[in-house]
Amino acid sequence: MARHNRQLSFTTPMLVSFGGILLSFILIAIFITFTQRKDFLEDYHNINHNFTHNLAVNYTESLLRENDYILARAATFFSREDKLNETVNINPEEGLRLLMQLQTLMPTVSSISLADTQGNYLRAPEVLTDENSKAFDAKTRPWFVHQAKASTFSHYTNPHMDYFTHYPTVAIYKPVISPEGKLKGSIAFHLDLTSMSYTLRQMVAPVQGEFFVADRDGKVVLHPDTGALFKQYVSEKMMDRMTSGEGYVFDSKSSVWYYYYSFTNPDWFVVFRVSDNMLMDLTRHETNIVSWGFALAAMMVVLFGLYLRHTSRTVLMNIINAIKTGDVNRAPRLEAMLSKAIELNKEREMAYVRQATIDALTGCKNRRAFDNDIAALMNDHQPFTLALVDIDNFKSINDTWGHLSGDIVLRNVAREGIQVLQRNSISLYRYGGEEFAVLFAGGHAHEAFTLLEQWRTIVEQRTWREENLVVTFSAGMKEWNMESLEQLIIGADEALYRAKQQGKNRILPTPHL
């Protein structure tokens, strides 16, 4: 009788079945957890790499490109006729005024030096006559050109202390060569590294880490903490491993990840340094959430198995009782208990994608989105017009009302632009700093000037919270005529430059637009 009871028992097969299911579930959960851990780590690598790329392209490169462009134009100006000699030696007072006008165009430049081949020089702002200035010899400075050579690139000095201010600086310089090929002198812009570094404090990293700009030797050129300038932050061994244009390397000795983006001129690197322990903590947190989800699901499986075992015995007893009594109306329904699996949430991944294409401060599309969209238009040979927009006197706004007010100005100017442009399905991009870009594609090209003028008028007439604050912008436009991207941007940039020169607060197309 006992043997027949064991053969008819539900307990053993159910325990074996659910034991197999539970064991399989645990093994699958362990495998998925470790796989997810690797995927999470790779996701954070991509996020940090994108942050470094955006920091390099949207901030550092835009600053360097602006200064390089103005330096080339200034060198061409002083190469004509006897302009350099007149400025330095014949009429230095008028020359000083001219250099100061040039210096006001560049908020990241602390001073400008102009020297002839004999070492006679003019510096703006003016150098006071004292024993220190009398001992100054322009020929000994790293920016002085002793022998001209033909080059389309500007040159950068190594980091050094300014002779007069004793502040850390890097000079961007260029020889002044006449159309006949004769060396007339040198012109140099002395970069204000402290001011450029201060802007980095406004950047928000996706994870806890340290970002800065370093030269080829690993010495800091730009850093949110200005006390770190010129200090050795990356070993020469690690710098030698940064061989590609951008990427990331791991320093096993210090357990630190270095995400980098390299420039060719100057030979600088944008570096984002993150501790490996920080990444491990983040991935551990993510996998712990997944592990707890699997543990909860396993508990539900166990509880469901126990419940099914109990209800099956109860149903069997009720069926036997119904057979004995013949009362089928009392036979209960067999209700299955469903166990819900963990649903993986994709919201975080979507947030990361948005972060990679949207500028957090202004809500515009960022530089990466601009590069992708303009490349798509050019690849498809779609007609379009490019407009570059730059807020007038933005450095003065930051200096007078503070960087918080500067951020408010950026947000509101962008918001007004978005409201005007989005009605026509046109995107606004933050090109870098206080500069924006607009792509008028297809049928919108003929409306470009009208829409920009509408946006400009709204910004000009806007009332701001800060007393006496007036905000305007200038813009340059260029229609694409199948030229290269570089030539297109130079054309729009030149139109913007002419708008600035003609008094600002205006929109100018290229002459052939």
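Here the residue index of a chain counts from 1 through its sequence in written order. For a predicted model such as this one, the threshold for reporting local features is a pLDDT of at least 70, and the threshold for listing and counting side-chain atom pairs is 80 or more; totals across whole chains, interfaces and linings nevertheless cover every residue. Hydrogens are left out, water is left out, and the side-chain values use all remaining heavy atoms of the structure.

Novice: Before we go on, may I ask you to explain the nonpolar core in this structure?
Specialist: For soluble globular proteins, the rule of thumb is that nonpolar side chains tend to be buried together. Ile187, Phe189 and Trp268 are the most contacted members of the largest nonpolar core, which has 65 residues in total. Secondary structure elements follow DSSP: runs of H or I of four or more residues count as helices, runs of E of two or more count as strands, with numbering from the N terminus. Considering each element in turn, this core owes the most residues, 15 residues, to helix H2 (residues 11-79). When checking whether two residues touch, look at their non-hydrogen atoms; a contact exists if any pair is within 4.5 Å. Once you skip the residues sitting within four places of it in the chain, Phe189 turns out to touch Asn67, Ile70, Leu71, Ala74, Leu102, Met106, Val109, Ser111, Ile112, Val170, Ala171 and Ile172. Core analysis: the next-biggest nonpolar cluster, separate from the first, contains 30 residues, Ile397, Ala414, Leu421 and Phe440 among them. The definition of a nonpolar core used throughout is a set of buried Ala, Val, Leu, Ile, Met, Phe, Trp, Tyr and Cys residues joined through side-chain atoms within 4.5 Å. Each residue is placed in one exposure class: buried if its accessible area under a 1.4 Å probe, protein chains only, is under 20% of its type's maximum, exposed if it is over 50%, and partly exposed if it falls in between.

Novice: Is there a simple way to explain unusual backbone geometry in this structure?
Specialist: Glycine aside, residues mostly have negative phi angles, and peptide bonds mostly take the trans form. The omega angle of the peptide bond from Ala124 to Pro125 is 0°, so this bond is cis rather than trans. Here Pro125 shows up in the loop between strand E2 (121-124) and helix H5 (131-134). Of the consecutive residues Asn265 and Pro266, the connecting peptide bond is found in the cis state with omega at 5°. Tracing the backbone shows Pro266 in the loop between strand E10 (256-262) and strand E11 (268-275). Although it is not a glycine, His166 sits at a positive phi angle of roughly 60°.

Novice: What is the right way to read the pairing of strand E6 (residues 183-192) from this model?
Specialist: A regular strand places its side chains on the two faces of the sheet in alternate fashion. The buried fraction of E6 is high, at seven of ten residues. When DSSP finds two or more bridges between two strands, those strands count as paired. Here seven bridges tie strand E1 (residues 109-116) to E6, and the two strands are oriented antiparallel to one another. Bridged to Ile112 within E6 is Phe189. As paired strands, strand E5 (residues 168-177) and E6 are joined by nine bridges and run antiparallel to one another. Pairing of Pro175 across the sheet is with Ser186, part of E6.

Novice: Just checking my understanding: could you explain the environment of Val221 for this structure?
Specialist: The residue Val221 is located in strand E8 (residues 220-222) in this model. By relative accessible area, which is 0% here, Val221 ends up buried. Note: C-alpha distance between Val221 and Gln232 (eleven residues apart in sequence) is 10.0 Å. Residues within four places of Val221 in sequence aside, it is in contact with Pro159, Val170, Leu193, Ser197, Val213, Ala214, Asp215, Leu229 and Trp268.

Novice: Just to check I follow, could you spell out the layout of surface pockets for this structure?
Specialist: Rolling a probe over the atoms, with the probe sized like a water molecule, indicates the empty space that remains. Approximately 960 Å³ is the volume found for the second largest pocket. No other element matches H2, which puts eight residues into the lining of the second largest pocket. Along the lines of polarity and charge, the residues of the lining of the second largest pocket split into 13 nonpolar, four polar and nine charged. A cavity here means a set of 1 Å grid points, computed over protein atoms only, where a 1.4 Å probe fits but cannot escape. A pocket is an open set with protein on both sides within 12 Å along at least 5 of 7 lines, and lining residues have an atom within 4 Å of a point. Grid points are joined across faces, edges and corners, and a volume is the space filled by probe spheres set on the points. Residue polarity is assigned by list, with Asp, Glu, Lys and Arg as charged and Ala, Val, Leu, Ile, Met, Phe, Trp, Tyr, Cys and Pro as nonpolar; anything else, Gly included, falls into the polar class.

Novice: So what exactly am I meant to see when it comes to empty space enclosed by the protein here?
Specialist: Within the structure shown, the criterion is met by one cavity of 30 Å³ or more. Of the pockets and cavities examined, the largest cavity occupies roughly 60 Å³. In terms of lining, the largest cavity is formed by Ser113, Arg123, Phe136, Arg141, Trp143, His160, Asp162, Tyr163, Phe164 and His190. Classifying every residue of the lining of the largest cavity by side-chain character gives four nonpolar, three polar and three charged.

Novice: Help me understand the sheet that holds E10, please; the structure alone is not making it clear to me.
Specialist: Sheet strands pair via backbone hydrogen bonds, and the direction of the pair is either parallel or antiparallel. Taken in spatial order, the five strands line up as E8-E7-E11-E10-E9 in an open sheet, and their pairing is antiparallel. Edge positions in the open sheet fall to E8 and strand E9 (246-251), since each of these has one partner strand only. Taken pair by pair, the neighbouring strands of this sheet meet at an average axis angle of 35°, ignoring direction. Bridge analysis of E9 against E10 gives six bridges, and the strand direction is antiparallel. Axis definition: a line fit to C-alpha positions, over the contact stretch in the case of helices; interaxial angles, taken between N-to-C directions, run 0 to 180 degrees.

Novice: Help me understand the sheet that holds strand E16 (residues 507-509) in this model?
Specialist: One open sheet holds the five strands; their spatial order is E13-E14-E12-E15-E16, and the pairing between them is mixed. Each having just a single partner strand, strand E13 (428-432) and E16 make up the two edges of the open sheet. Each strand axis lies, on average, 25° off the axis of its neighbour in the sheet, ignoring direction. Bridging between strand E12 (residues 384-391) and strand E15 (residues 473-479) involves seven bridges; their strand directions are antiparallel. Directly across from Thr385, in E15, lies its bridge partner Glu479. Here helix H13 (residues 448-461) sits on the sheet in contact with E12, E13, strand E14 (435-441), E15 and E16, set at roughly 175° to E15.

Novice: Just checking my understanding: could you explain the side chain of Asn50 for this structure?
Specialist: Assignment of secondary structure puts Asn50 in helix H2. The exposure class assigned to Asn50 is buried, which follows from its relative accessible area of 19%. Residues within four places of Asn50 in sequence aside, it is in contact with Ala356 and Arg368.

Novice: Looking at this model, I keep getting lost on helix H14 (residues 485-501). Mind explaining?
Specialist: Since one α-helical turn is 3.6 residues long, residues separated by three or four positions face the same way. The end-to-end C-alpha separation of H14 is 24 Å, in line with the 24 Å expected for 17 residues at 1.5 Å each. Listed in full, the buried residues belonging to H14 are Leu488, Ile489, Gly491, Ala492, Asp493, Ala495, Leu496, Tyr497, Ala499 and Lys500. Looking at the residues trailing H14, positive phi occurs at Gly503, about 120°. Helix span is expected to be 1.5 Å times the residue number reduced by one.

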